[in-house]
Amino acid sequence: MTETASKTSRAVEWVKARRRLVGWTTLISIVVVVAVVLLARWLRQSPAGEEFITTYPGIVPPPEGTPVGIPAWLGWQHFLNTFFLVLIVRTGYQLRSKQRPPGFFTRDNMRWPRTKRAPRRLGIFLWLHLWLDAFWVLNGVLYIVLLFATGQWLRIVPTDWAVVPNAISAALQYASLEWPTENSWVVYNSLQQLAYFAIVFIAAPLAILTGLRLSSVWPPEGRLARAVPERLARAVHYPVMLFFIGFTFVHVVLVLTTGALRKLNQMYAARDADDWVGFVVFAASVVVIAVAWVLAKPPLLKRIAAKGGTVRG
């Protein structure tokens, strides 16, 4: 049986074993979504709701000097961030499954970086996970530098408390299925702004800190180990990953339902247009991610890892 067939078989068995749970979860989810939409529409059509949306339309005017448009470097950052996150989530689930790794890597301590402690043996998926983390963090550091160097930070960092009621207004408008009027080429609506701020300045740092605590880089004993307990790091790291997945799902759905061609042009081609250029770039990026997903299999990973140490298994 091939690996793909084996995974498909396990997925089918999982669904069969939890058929009732899956059925009830699906039914409850549908009921909750319908209830939220009906409640949002009722609130929006009420006098108080209409007055609230009129007062807080969902957008706070950007500060003076805020750049207009999305630069090309942000498009590249968007692709690289997606590329690394997709593979990080994949390897994260492989690690969480607690299955025996198909190989183990031990770093050659005679090469740089040399450490006083003997290198730890790592499962091949953990080795890949740590390398992906490192590239993701490096990409994130470059993003933060460019964000502040170009003034783009003004687009995602709230500078007025009015962003809170406006975010609530935008959420109400989304939930009612009547999207808020916005032009993200000029300014993000308040809900987008808070979501991007949370991803960049809260979720990402938490993912990095807890990931470091769970990695072989963090000292297993001593003051640092006691400062951030491993149990706490595990309790935070997984929910943060779920937050990234949830954000990505909602982000993709909204892009596809609020003017996909224009949004893809803005995000991937740095153009405020309705043609297919951004879609083509986006489609190419999806192909690259899919190819990386297929190639990230143990035989290739072992060959790459062997260049920096010893691989067993």
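As a starting point, this report considers the structure included with it. Fair warning: this is a prediction, and the values are worked out from it, not measured in the lab.

Each value, and the rule that gives it
- Residues numbered from 1 in each chain as written.
- Predicted model: local features only at pLDDT ≥ 70, side-chain atom pairs only at ≥ 80, totals over all residues.
- Heavy atoms only, no water.
- Pairing = 2+ DSSP bridges.
- Helix = DSSP H or I, 4+ residues; strand = E, 2+ residues; numbered from the N terminus.
- Axes fitted to C-alpha atoms, helices over the stretch in contact; angles between N-to-C directions.
- Contact = heavy atoms within 4.5 Å.
- Parallel < 35°, antiparallel > 145°, perpendicular 65-115°, else oblique.
- Left-handed = near helix turned anticlockwise from the far one by under 90°.
- Nonpolar A, V, L, I, M, F, W, Y, C, P; charged D, E, K, R; others polar.
- Phe/Tyr/Trp six-rings, centres within 6.5 Å; stacked < 30°, edge-to-face > 60°.
- Buried < 20%, exposed > 50% of the residue type's maximum accessible area, 1.4 Å probe, protein only.
- Lys NZ or Arg CZ within 6 Å of the ring centre and 35° of its normal.

**Re the sheet that holds strand E1 (residues 104-107)**
Item 1. Taken in spatial order, the three strands line up as E2-E1-E3 in an open sheet, and their pairing is antiparallel. Strand pairing shows two members of the sheet lacking a second neighbour, strand E2 (121-123) and strand E3 (309-312), which therefore form its edges. Neighbour to neighbour, the strand axes of the sheet diverge by 25 degrees on average, direction disregarded.
Item 2. Two strands pair when backbone bridges link them, and E1 and E2 are joined in this way by three bridges, in the antiparallel orientation. Bridging across to E2, Phe 105 finds its partner in Leu 122.
Item 3. Along the sheet, helix H5 (residues 124-149) makes contact with E1 and E2, crossing E2 at roughly 90 degrees.

**Describing the packing of helix H2 (residues 19-45) against helix H7 (residues 163-175)**
Item 1. The interhelical angle for the contact between H2 and H7, taken along N-to-C directions, is 120 degrees, at an axis separation of 8 Å. Classified by the interaxial angle, the pair formed by H2 and H7 is oblique. Seen along the crossing, H2 lies across H7 with a hand that is left-handed. Contacts between H2 and H7 involve Val 36, Val 37, Ala 40, Leu 43 and Arg 44 on the former and, on the latter, Leu 172, Gln 173 and Ala 175.
Item 2. In the contact of H2 with H7, the residues fall into six nonpolar, one polar and one charged.

**Section: the packing of H5 against helix H13 (residues 298-305)**
Item 1. Where H5 contacts H13, the two axes come as close as 10 Å, and the packing angle between them is 70 degrees. On the basis of their axis angle, the class for H5 and H13 is roughly perpendicular. Regarding H5 and H13, the two cross each other, and that crossing is left-handed. Taking contact as the criterion, the partners of Ile 124, Phe 125, Trp 127 and Leu 128 in H5 are, on H13, Pro 298, Leu 301, Lys 302, Ile 304 and Ala 305.
Item 2. Split by residue class, the contact of H5 with H13 holds eight nonpolar, no polar and one charged.

**Looking at the packing of aromatic side chains**
Geometry of an aromatic ring pair is reported as the spacing of the ring centres plus the angle between the planes.
Item 1. Scanning all chains against the criterion turns up 17 aromatic pairs.
Item 2. Their ring planes at 75 degrees and their centres at 6.0 Å tell us that Tyr 196 and Phe 247 sit as a pair that is edge-to-face. Of the two residues, Tyr 196 sits in helix H8 (residues 190-214) while Phe 247 sits in helix H10 (residues 230-257), which places them 51 residues apart along the sequence.
Item 3. Take Tyr 196: its relative accessible area is 15%, and that puts it in the buried class.
Item 4. The interplanar angle of 35 degrees and the centroid separation of 5.2 Å between the aromatic rings of Phe 197 and Phe 201 together place this pair among those described as tilted. Within this pair, Phe 197 and its partner Phe 201 are both found in helix H8, separated by four residues, close to a single helical turn.
Item 5. A relative accessible area of 26% means that Phe 197 is categorised as partly exposed.
Item 6. Through a chain of ring-to-ring contacts, three or more aromatic side chains come together here, namely Phe 79, Phe 83, Phe 84, Trp 131 and Phe 135.
Item 7. Positioned above the aromatic ring of Tyr 238 is the side chain of Arg 96, whose terminal nitrogen or guanidinium carbon lies 3.6 Å from the ring centre.

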